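Results of the structural survey
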Amino acid sequence: MSASDPIADMLTKVRNAVQARHEKVDVPVSKLKLEIVKILKTEGYIKNFKKVQEDNCSILRIFLKYDDANNPVIHGIKKLSTPGRRVYSGYKDLPRVYNGYGTLIVSTSAGVTTGKKASEKMIGGELICTVW
C-alpha cells in the first residue's frame, strides 16, 4: 500500500523508531526526504544516513542518535503541512519551535532549509515539519 503522504510516513517511522529505541530506520528514498534528512543531520538530530540499494529499490537508512543515558535526541517531530491542508508562511511570520530550541523545516523557492536560514534570506514557503 502506498502512502498518500510519504513525508508524514517517513516522520512517523522516525518517531516510532525513536520511541522503540531502534538504532536505525529504513524509508523509501526521494529528493525531498533526502533534503529533510540532511537538515536533521546538520542540526544534530540524527547520527548519520546513507542511501542503500536493496532488491532494485533505493532506501534511505537513517541512524538515530541517543545521548549517554540512552535518551533520544529527537523528543518530538510533527508534520505541519498535509496534502489536504497546505501551510504557507512569509519570512516575517515563520513560527519558532520551543522558543528557538527546536527546528522548523521549510520548503522555499531556494530549496528545503531551516526556518532560521529562511528568515535570514528573507524568503518564506511551505512549512514541512518541526523537530525538537
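Just above, that's the structure.
So, a few notes on the structure that sits alongside this text. Keep in mind the model is a prediction, meaning the values are calculated, not measured.

Some thoughts on the nonpolar core
Of all hydrophobic cores here, the largest spans 26 residues; its most connected members are I36, I62, L64, I74, I105 and V131. Elements with a contribution of two residues or more to this core: α1 (6-19), β1 (24-28), α2 (31-42), β3 (57-64) and β8 (125-131). Among the elements that make up this core, the one with the highest residue count is α1 (six residues). Beyond its immediate sequence surroundings of up to four residues, I36 is in contact with I7, M10, I105, V112 and I128.

Quick notes on the environment of G102
Positionally, G102 belongs in the loop between β5 (88-89) and β6 (103-108). When its relative accessible area of 9% is taken as the criterion, G102 is described as buried. As a C-alpha pair, G102 and H75 span 27 residues in sequence and 9.6 Å in three-dimensional space. With sequence-adjacent residues up to four places away left out, G102 is seen in contact with Y45, V97, V131 and W132.

Details of unusual backbone geometry
The residue R21 is not glycine, and still its phi comes out positive at about 60 degrees. Topologically, R21 is positioned in the loop between α1 and β1. Since its relative accessible area comes to 39%, R21 is described here as partly exposed. Even without being glycine, Y98 reaches a positive phi, approximately 50 degrees.

Notes on the environment of R61
Along the chain, R61 falls in strand β3. Taking C-alpha positions, R61 is 12 Å from A17, a pair spaced 44 residues apart along the chain. Every residue in contact with R61, bar those within four places of it in the chain, is listed here: K24, V25, D26, N48, F49, K50, V52 and E54. A polar atom in the side chain of R61 sits 2.8 Å from the side chain of D26.

A few points about the pattern of salt bridges
Any two side chains of opposite charge can pair if their charged atoms end up close together. Going through the model one piece at a time under the given rule, you end up with five salt bridges. The residue R61 makes a salt bridge to D26 at a minimum N-O spacing of 2.8 Å. Here D26 lies in strand β1 and R61 lies in strand β3, a separation of 35 residues in the sequence. A residue is classified by how much of its surface remains accessible, and R61, at 14% relative accessible area, is buried. For D26, a relative accessible area of 31% puts it in the partly exposed group. A salt bridge links K38 to E35; the shortest N-O distance between them is 3.6 Å. Residue K38 and its partner E35 are both found in helix α2; the two are separated by three residues, about one turn of the helix. Of the residues examined, K38 reaches a relative accessible area of 36% and is grouped as partly exposed. The network of salt bridges with shared partners includes D26, E54 and R61.

Some points on the sheet that holds β1
Pairing is antiparallel across the open sheet formed by three strands, whose spatial order is β1-β3-β2. The open sheet has two edge strands, β1 and β2 (46-54), and neither has a second partner. Each neighbouring strand pair of the sheet contributes to a mean axis angle of 25 degrees, computed without reference to strand direction. Pairing between β1 and β3: five bridges, direction antiparallel. Bridge pairing links V25 to I62 in β3. Packed onto the sheet, α1 meets β1 and β3 and runs at close to 165 degrees relative to β1. Sitting on the sheet, α2 is in contact with β1, β2 and β3, with an inclination near 150 degrees to β2.

What counts, and where the lines are drawn
Residues numbered from 1 in each chain as written. Predicted model: local features only at pLDDT ≥ 70, side-chain atom pairs only at ≥ 80, totals over all residues. Heavy atoms only, no water. Core = buried A, V, L, I, M, F, W, Y, C linked by side-chain atoms within 4.5 Å. Buried < 20%, exposed > 50% of the residue type's maximum accessible area, 1.4 Å probe, protein only. Helix = DSSP H or I, 4+ residues; strand = E, 2+ residues; numbered from the N terminus. Contact = heavy atoms within 4.5 Å. Polar contact = N/O pair within 3.5 Å; in protein donor to acceptor, adjacent residues only side chain to side chain. Salt bridge = Lys/Arg side-chain N within 4 Å of Asp/Glu carboxyl O. Pairing = 2+ DSSP bridges. Axes fitted to C-alpha atoms, helices over the stretch in contact; angles between N-to-C directions.

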